[in-house]
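# Structural features, examined
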Amino acid sequence: MPTSHIPVITIDGPTASGKGTVAHCVAYRLGFHYLDSGALYRLTSLSALRKGVDLSDEHALSKLAGALPCTFEGERVFLGHDDVSVAIRAEEVGNAASKIAGLTAVRQALYGLQLHFRKAPGLVADGRDMGTVIFPHATLKVFLTASVEARAQRRYKQLIDKGFSANMTDLLKDLNERDERDANRTVAPLRPAEGAVILDTSTMAADEAVGRVLEMYAAIKAA
Ligand code: C5P
């Protein structure tokens with residue numbers, strides 16, 4: 001059954017730009033499915049850290065990524081029977097995810113899995129390469145940005161709310177390093193897709209960003 005007629009909204013952007021919250025709310029408001037592609041890189045990274053797989057062993061990592069026993073139930077994420085919804089959000093896991101995300105074989109191993117999230121009545125997909133690589137013909141492409149300070153504040157709050165300890169100086173350093181790695185890698189670097197609408201959320205509440213995306217989508221549908 002071809003899925004090319006199923007609408008897709010892609011929301012890409014750097015770490016802690018608010019894309020997860022915005023994408024999740026837009027999906028909820030439209031009754032669409034939701035793909036948190038970063039979670040797939042985080043699951044691969046968590047699985048590798050737990051199994052002691054070397055983070056530069058591209059072959060072993062792509063095997064892990066290609067056979068991830070993952071399931072998503074609402075906001076909960078499982079690796080096998082283990083609820084890892086909180087564990088995958090640790091900074092250590094995110095940093096390792098950003099390292100392995102630069103490996104071509106890992107990205108290829110996760111490619112088909114991501115396409116499978118495109119189901120009726122529609123999909124909102126968030127990540128770094130949703131509009132550039134995975135869904136280049138998406139109905140609407142959005143690129144969310146925010147200043148590094150605004151993003152560090154958000155990440156700080158997210159980590160504290162989840163019970164992790166956090167320190168602003170370390171977070172700013174981590175974010176800068178991760179942005180640098182994501183934007184400068186040779187495979188699927190972080191950049192706005194062709195035709196993407198750029199939304200700066202530095203001083204914008206999540207509700208407002210959600211409203212703007214819904215308005216843009218409604219305008220496309222009405223055209
Ligand atoms: O979005 P999140 O911070 O959960 O993603 C974790 C890491 O996975 C990112 O730092 C990025 O390197 C990688 N990633 C990616 N492509 C995606 C989603 C995430 O390279 N589509």
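Residues numbered from 1 in each chain as written. Predicted model: local features only at pLDDT ≥ 70, side-chain atom pairs only at ≥ 80, totals over all residues. Heavy atoms only, no water.

## A short note on the layout of surface pockets
In this approach, a probe sized like a water molecule rolls over the atoms, and the result shows the empty space that is left. Taken as a whole, the largest pocket encloses approximately 1,200 Å³ of empty space. Lining the largest pocket we find 49 residues, and of these Gly20, Tyr34, Asp36, Arg89 and Asp126 sit closest to its centre. Looking at side-chain class alone, the lining of the largest pocket contains 16 nonpolar, 15 polar and 18 charged residues. A volume near 220 Å³ is recorded for the second largest pocket. If you trace the second largest pocket, you find 14 residues lining it, with Gly18, Thr21, Arg154, Gln158 and Ala206 closest to the centre. Examining the composition of the lining of the second largest pocket, we find that four residues originate from one element, helix H7 (residues 148-161), more than from any other. Looking at side-chain class alone, the lining of the second largest pocket contains five nonpolar, five polar and four charged residues. (1 Å grid on protein atoms, 1.4 Å probe; cavity = no way out; pocket = protein on both sides within 12 Å on 5 of 7 lines; lining within 4 Å. Points joined across faces, edges and corners; volume = space filled by probe spheres on them. Nonpolar A, V, L, I, M, F, W, Y, C, P; charged D, E, K, R; others polar. Helix = DSSP H or I, 4+ residues; strand = E, 2+ residues; numbered from the N terminus.)

## Section: the confidence of the model for the protein chain
Scored by pLDDT, the protein chain has a mean of 94; 100% of the residues are at 70 or more. Within the protein chain, the element-level pLDDT minimum falls on helix H8 (residues 168-184), averaging 90, and the maximum on strand E1 (residues 8-12), averaging 98. (pLDDT = per-residue confidence, 0-100.)

## Concerning helix H9 (residues 206-222)
The end-to-end C-alpha distance of H9, which contains 17 residues, comes to 24 Å, matching closely the 24 Å that a straight helix rising 1.5 Å per residue would cover. Looking at the buried residues of H9, the elements they touch are E1, helix H1 (19-30), strand E7 (140-145) and strand E8 (197-200). (Expected span 1.5 Å × (residues − 1). Contact = heavy atoms within 4.5 Å.)

## What to know about the side chain of Arg128
Within the fold, Arg128 resides in the loop between strand E6 (123-127) and helix H6 (130-134). Setting aside residues up to four positions removed in sequence, Arg128 forms contacts with Asp12, Gly13, Pro14, Thr15, Lys19, Asp182, Arg185, Leu190 and Arg191.

## Here's the deal with the environment of Leu140
One can find Leu140 in strand E7. Expressed as a C-alpha distance, the spacing of Leu140 and Lys221, which sit 81 residues apart in the sequence, is 9.9 Å. Ignoring any residue separated from it by four or fewer positions in sequence, one finds Leu140 in contact with Val8, Ile9, Thr10, Val197, Val213, Met216, Tyr217 and Ile220.

## Thoughts on the site of the ligand
The immediate surroundings of the ligand are formed by 17 residues, with Arg42, Arg107, Asp129, Asp182 and Arg185 found nearest. Ser37 places a polar side-chain atom, nitrogen or oxygen, 2.9 Å from a nitrogen atom of the ligand. In this structure, Arg42 approaches the ligand through a side-chain N or O atom, which is 2.6 Å from an oxygen atom. Alone, the ligand offers 450 Å² of accessible surface; in the complex the protein occludes 98% of this. Judged by the fraction of its atoms near the pocket grid, the ligand is located in the largest pocket. Counting residues per element, the shell around the ligand draws most heavily on helix H2 (residues 37-51), which supplies four residues. Its residues placed into classes, the shell around the ligand shows four nonpolar, four polar and nine charged. (Near = heavy atom within 4 Å. Polar contact = N/O pair within 3.5 Å; in protein donor to acceptor, adjacent residues only side chain to side chain. Areas by Shrake-Rupley, 256 points an atom, 1.4 Å probe, with all protein chains shown as cover. Sits in = over half its atoms within 2 Å of the grid points.)

## Topic: the pairing of strand E4 (residues 76-79)
In this sheet, E4 lies alongside strand E3 (residues 70-73) in antiparallel orientation, the contact comprising four bridges. Across the sheet, the residue bridging to Phe72 is Val77, located in E4. From the end of E3 to the start of E4, which pair antiparallel, there are two residues, and Gly74 there has a positive phi angle of about 60°. If you look at the hairpin formed by E4 and strand E5 (residues 82-83), you'll find two residues sitting between the two strands, and Gly80 has a positive phi there, around 65°. (Pairing = 2+ DSSP bridges.)

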